[in-house]
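Topology and contacts: notes
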Amino acid sequence: MKIFVTALAAAALALPAAAVEYGTLDPAKSSLAFTSKQMGVPVDGKFGKFKVALSFDPAAVQKASAGFELELASIDAGSKEANDEVVGKDWFNAKQFPTAVFKSTSVKALGGNRFEVTGTLTIKGRTQNVTAPFTYKADGANGVFEGAFTIKRLQFGIGEGPWGDTSTVADDVQIKFRLVAAARK
Amino acid sequence: MTTAPTQYTRTAIALHWLIALLIFVAFPVGLYMVDLPLSPQKLKIISWHKWAGITVLALVLVRILWRVTHRPPALPDSMNSIEKLAAHGAHHLLYLLMIAVPLVGWLMSSAKGFPVVWFGVLPLPDLVGKSESLAEFFEEAHEILAWLMALIVVVHAAAAVKHHFVARDGILARMLPFLK
Ligand code: HEM
């Protein structure tokens, strides 16, 4: 009840919700998408299955943490031919490395509704540090987190062999996330 | 412009052969690339095919502009009316297909969710949203129309050769001035 009232007040007064902690993800409203460039052409894709553990209190961001684990085989890389290709050895090698994992190490406030999360991303057995700016807004009892960051696919060995040719498929891949999580009761 | 000229302008001749050359490249490259396994090479070839095809579309639009502002030289009186009708029919159909084939290719690309970026530089708008069923339909249509165009090109070229060697009426030399 208290959370309900806080959220309602926040929505009504458009004030940042204080002392709300977000947890469970709403998978239907959340999305994890990416854009790669092939021959200069932006091609969109997304992941269907991912789990997110989120703890975020806008009033105490230094205590916030986020982690996600996504099933690489749930990829939609834009076409059936591409989907069959990217789970293979040269790309994700999803049989041996079925998931990509992110673990946050720190979250900081950038002012307003903007924040920044830093953490480690592990794909195909390789770990890299990543930093992603994101925005947060309260939507009823939900928290909506949206952000984007860019990874270099070759640092993770994604697209080896002939696919290492970045004039065909660019090294930079943009990742966009939108996570909708419910307030913890 | 009441009397028809006896010759094509240099612009018309240049457009004719430039477009012909691009079609001679785009058609076999299209047939070759579809059966390749996915590889960077395939992605490159598909892009080149699209760039060549869009260039055809652009040049055909220029050519149509030429055609509506100029009168082509008249067909010789040695041709009977059925022959003239067939020639005009084939030319109109070729104009139609030179628009339809690349346009349907572009539609297919949009439907597959791959925007077309001309020469990797100029992004063209998506003509339709991503849709698997539309993509399949346009793919089929692109293939059939491309073959129909190839067929008419063969008939068109055979007719030109016949004019030159059998009728000897100088028709081919109007498009190939060095034959004179
Ligand atoms: C004069 C212009 C063009 C000609 C003569 C042409 C011809 C062809 C031919 C013969 C094929 C093989 C069809 C098959 O066997 O399945 C093909 C495939 C293809 N064309 Fe074109 N094309 C032209 C323009 C374009 C344009 C402008 C685009 C896109 C912007 C395009 C996109 C494609 C694609 C994506 C395929 C592969 C379809 C598949 O995945 O099976 N084409 N084309």
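Above this note sits the structure.
What you see is a predicted model; the values in this text were computed from it and never measured.

**Examining the overall build of chain B**
When you go through chain B residue by residue, the secondary structure sums to five helices and two strands. In sequence order, chain B lays out its α and β elements as α-α-α-β-β-α-α. Reported as C-alpha extents along the three principal axes, the dimensions of chain B are approximately 50 × 30 × 30 Å. When contacts within chain B are restricted to residue pairs at least 6 apart in sequence, those whose partners lie at least 24 apart make up 70%.

**Details of the side chain of A:N93**
Tracing the backbone through its elements, the reader meets A:N93 in the loop between α2 (80-86) and β7 (99-111). Apart from the residues lying within four places of it in its own chain, the contact partners of A:N93 are A:V87, A:G88 and A:K124.

**Some details on unusual backbone geometry**
One non-glycine residue, A:N93, lies in positive phi territory at about 50°. Non-glycine residue B:R168 carries a positive phi angle of around 50°. Inspection of the secondary structure puts B:R168 in the loop between α4 (132-167) and α5 (171-175).

**Observations concerning the packing of helix α1 (residues 10-33) of chain B against α4(B)**
Packed helices, taken two at a time, are described by the angle their axes make and the gap between the axes. Residues and elements named next belong to chain B. Where α1 contacts α4, the axes come no closer than 11 Å and their chain directions differ by 135°. The pairing of α1 with α4 is recorded here as oblique in orientation. As for the relative orientation of α1 and α4, their crossing is left-handed in sense. Side by side, α1 and α4 meet where H16, I23, F24, F27 and L31 of the first sit next to A146, W147, M149, A150, V153 and H156 of the second. Of the residues assigned to the contact of α1 with α4, the class counts are nine nonpolar, two polar and no charged.

**What to know about the coordination of the iron atom of the ligand**
Residue and element names in this part refer to chain B. Coordination of the iron atom of the ligand by the protein comes from H49 (NE2) and H142 (NE2), over a distance range of 2.0 Å. Taken together, the six donor atoms coordinating the iron atom of the ligand span angles of 87 to 179° at the metal, a pattern that classifies the geometry as octahedral. Of the two residues, H49 is situated in helix α2 (residues 40-69) and H142 in helix α4; the sequence distance between them amounts to 93 residues. H142 shares its class with H49; the two are buried.

**Topic: the interface of chain B and chain A**
Tallying the contact residues gives 16 residues for chain B and 17 residues for chain A. Together, B:L38, B:P40 and B:F114 form the three largest contributors to the area buried by chain B at its contact with chain A, with a combined 41%. Linking chain B with chain A are two salt bridges. The salt bridge involving B:K44 is made with A:D165; its shortest N-O contact spans 2.9 Å. Where chain B packs against chain A, one counts three residue pairs in polar contact (both at pLDDT 80 or more). Broken down by element, the residue count for the side of chain B that touches chain A peaks at seven residues, all from α2(B).

**Observations concerning the site of the ligand**
All names here are of chain B. As a structural note, the neighbourhood of the ligand is formed by 23 residues, with H49, G105, K112, E139 and H142 the closest of them. With respect to the ligand, the side chain of K112 contributes an N or O atom lying 3.1 Å from an oxygen atom. At the level of elements, α1, α2, α3 (81-111) and α4 are the ones that each hand at least two residues to the shell around the ligand. Residue classes in the shell around the ligand are distributed as 14 nonpolar, five polar and four charged.

**Here we look at the environment of B:L151**
Of note, B:L151 is situated in helix α4. Distance in space between the C-alpha atoms of B:L151 and B:L94 is 10 Å, their sequence separation being 57 residues.

**Thoughts on α3(B)**
Over its 31 residues, α3(B) runs 43 Å from end to end, which matches the ideal 45 Å to within 8%, given 1.5 Å per residue. Of the residues trailing α3(B), B:G113 is marked for its positive phi of about 90°.

**Describing the nonpolar core**
Across soluble globular proteins, you tend to see nonpolar side chains buried next to one another. Within the largest apolar cluster, 47 residues are counted, with the highest numbers of intra-cluster contacts made by A:F56, A:L121, A:I123, A:F145 and A:I151. Looking at which element gives the most residues to this core, the answer is strand β11 (residues 172-183) of chain A, with six residues. The contacts of A:F145, once residues within four sequence positions are left out, are A:Y22, A:L54, A:F56, A:F134, A:T135, A:Y136, A:F177, A:R178, A:L179 and A:A181. Grouped together as the second largest cluster of nonpolar side chains are 18 residues, B:A26, B:L94, B:M98 and B:I152 included.

**A closer look at the pattern of salt bridges**
A pair can form between side chains of opposite charge whenever their charged atoms are brought close. Residue and element names in this part refer to chain A. Applying the stated criterion across every chain, the model contains 13 salt bridges over all chains. When the shortest N-O distance is used, the salt bridge between D76 and K46 registers 3.6 Å. Taken together, the residues span a long stretch of sequence, with D76 in strand β6 (residues 75-76) and K46 in strand β3 (residues 41-47) at a distance of 30 residues. Residue class for D76 comes out partly exposed when judged on its relative accessible area of 26%. As a salt-bridge pair, D84 and K80 come within 2.7 Å of each other at their nearest N and O atoms. Taken together, the residues span about one helical turn, with D84 and K80 both in helix α2 at a distance of four residues. Residue classification places D84 among the partly exposed residues on the basis of a relative accessible area of 48%. Through salt bridges that share partners, K124, R126 and E160 make up one connected network.

Cut-offs and rules
Residues numbered from 1 in each chain as written. Chains lettered and ligands numbered in written order. Predicted model: local features only at pLDDT ≥ 70, side-chain atom pairs only at ≥ 80, totals over all residues. Heavy atoms only, no water. Helix = DSSP H or I, 4+ residues; strand = E, 2+ residues; numbered from the N terminus. Contact = heavy atoms within 4.5 Å. Axes fitted to C-alpha atoms, helices over the stretch in contact; angles between N-to-C directions. Parallel < 35°, antiparallel > 145°, perpendicular 65-115°, else oblique. Left-handed = near helix turned anticlockwise from the far one by under 90°. Nonpolar A, V, L, I, M, F, W, Y, C, P; charged D, E, K, R; others polar. Donors = N, O, S within 2.8 Å, 3.2 Å for Na, K, Ca; no water. Tetrahedral: all angles 85-135°; square planar, octahedral: opposite > 155°, others 65-115°. Buried < 20%, exposed > 50% of the residue type's maximum accessible area, 1.4 Å probe, protein only. Buried area = accessible area lost by both parts, 1.4 Å probe. Salt bridge = Lys/Arg side-chain N within 4 Å of Asp/Glu carboxyl O. Polar contact = N/O pair within 3.5 Å; in protein donor to acceptor, adjacent residues only side chain to side chain. Near = heavy atom within 4 Å. Expected span 1.5 Å × (residues − 1). Core = buried A, V, L, I, M, F, W, Y, C linked by side-chain atoms within 4.5 Å.

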